[in-house]
Amino acid sequence: MESKTKNNLVQLVKYTDRYEPFISNFYLPPEKLQFTCYPLEKINNPTTSQDTIHVLILVKDIPVGFFALETGEKVLKYTKNLNARLLTAFSINNDLQGKGFAKQGLLLLPRFVNNNFQNVNEVVLGVNKRNTAAINLYKKTGFVDHNEIFLGPNGEQHIMHLYISREGLV
């Protein structure tokens, strides 16, 4: 199921192989790759749980962004909530950054979660403390920072929470 904005330009959809040619052309500069990975790296990573949902941010049916919503043991490093998903590998194709697609996609996230997960009531993520642009973006789109820190492979990560309400969302 998809989630769209009112103008239907930006939407979130589950990844299918039909989008592979588009996301195989994603480019992320080295300074971004220190915080994320390419979509196909995440999709094809054998350590990613089987229940992970790979999500595309589409604009006019063209992928401009990507993230994964993971489940399993990994989530419990960020929250004790058994009904949470972990957002990982968030990225916007470098040529399309700065156009608001990341913000629009994240604003669609609560509706996407409600439409695709029966019991999920929280999305958590870890964002590197050096990635201030991402921290600000997540705050603007409803994520809450309770000053919890997790030591990740690339340094300290702020753990951020997006609480999903089932009320008022269709």
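Look up a bit, the structure's there.
Given the structure is predicted, the values throughout are model-derived calculations rather than measurements.

Conventions we followed
- Residues numbered from 1 in each chain as written.
- Predicted model: local features only at pLDDT ≥ 70, side-chain atom pairs only at ≥ 80, totals over all residues.
- Heavy atoms only, no water.
- Helix = DSSP H or I, 4+ residues; strand = E, 2+ residues; numbered from the N terminus.
- Rg over C-alpha atoms; globule rule 2.2 N^0.38 Å.
- Buried < 20%, exposed > 50% of the residue type's maximum accessible area, 1.4 Å probe, protein only.
- Contact = heavy atoms within 4.5 Å.
- Areas by Shrake-Rupley, 256 points an atom, 1.4 Å probe, with all protein chains shown as cover.
- Lys, Arg positive; Asp, Glu negative; His and termini not counted.
- Charge placed at Lys NZ, Arg CZ, Asp CG, Glu CD.

## Observations concerning the overall build of the chain
Line of reasoning, step 1. The secondary structure content of the chain amounts to six helices and eight strands.
Line of reasoning, step 2. Mapped in sequence order, the helices and strands of the chain form the string β-β-α-α-α-β-β-β-α-α-β-α-β-β.
Line of reasoning, step 3. The C-alpha radius of gyration computed for the chain amounts to 15 Å, which stays within 12% of the reference 15 Å derived for 170 residues, consistent with globular compactness.
Line of reasoning, step 4. Reported as C-alpha extents along the three principal axes, the dimensions of the chain are approximately 40 × 35 × 30 Å.
Line of reasoning, step 5. Counting the 170 residues in the chain, one finds 50% classified as buried.
Line of reasoning, step 6. Excluding contacts between residues fewer than 6 apart, the proportion of contacts in the chain whose partners are at least 24 apart in sequence is 62%.
Line of reasoning, step 7. Summing over all exposed atoms, the chain offers an accessible surface of approximately 9,200 Å²; the carbon and sulfur share of this is 50%.
Line of reasoning, step 8. Mean positive and mean negative side-chain charge positions of the chain (19 and 15 charges, respectively) differ by 6 Å.

## Comments concerning the environment of Asn147
Line of reasoning, step 1. On the secondary structure map, Asn147 appears in strand β7 (residues 144-152).
Line of reasoning, step 2. Looking at Asn147, the relative accessible area reads 64%, which means it is exposed.
Line of reasoning, step 3. Residues Asn147 and Gln157, 10 residues apart in the sequence, show an inter-C-alpha distance of 9.9 Å.

## Considerations on unusual backbone geometry
Line of reasoning, step 1. The backbone of Ala89 shows a phi angle near 60 degrees, a positive value even though the residue is not glycine.
Line of reasoning, step 2. Relative to the elements of secondary structure, Ala89 occurs in strand β5 (residues 84-92).
Line of reasoning, step 3. For Asn147, which is not glycine, the phi torsion reads 60 degrees and is therefore positive.

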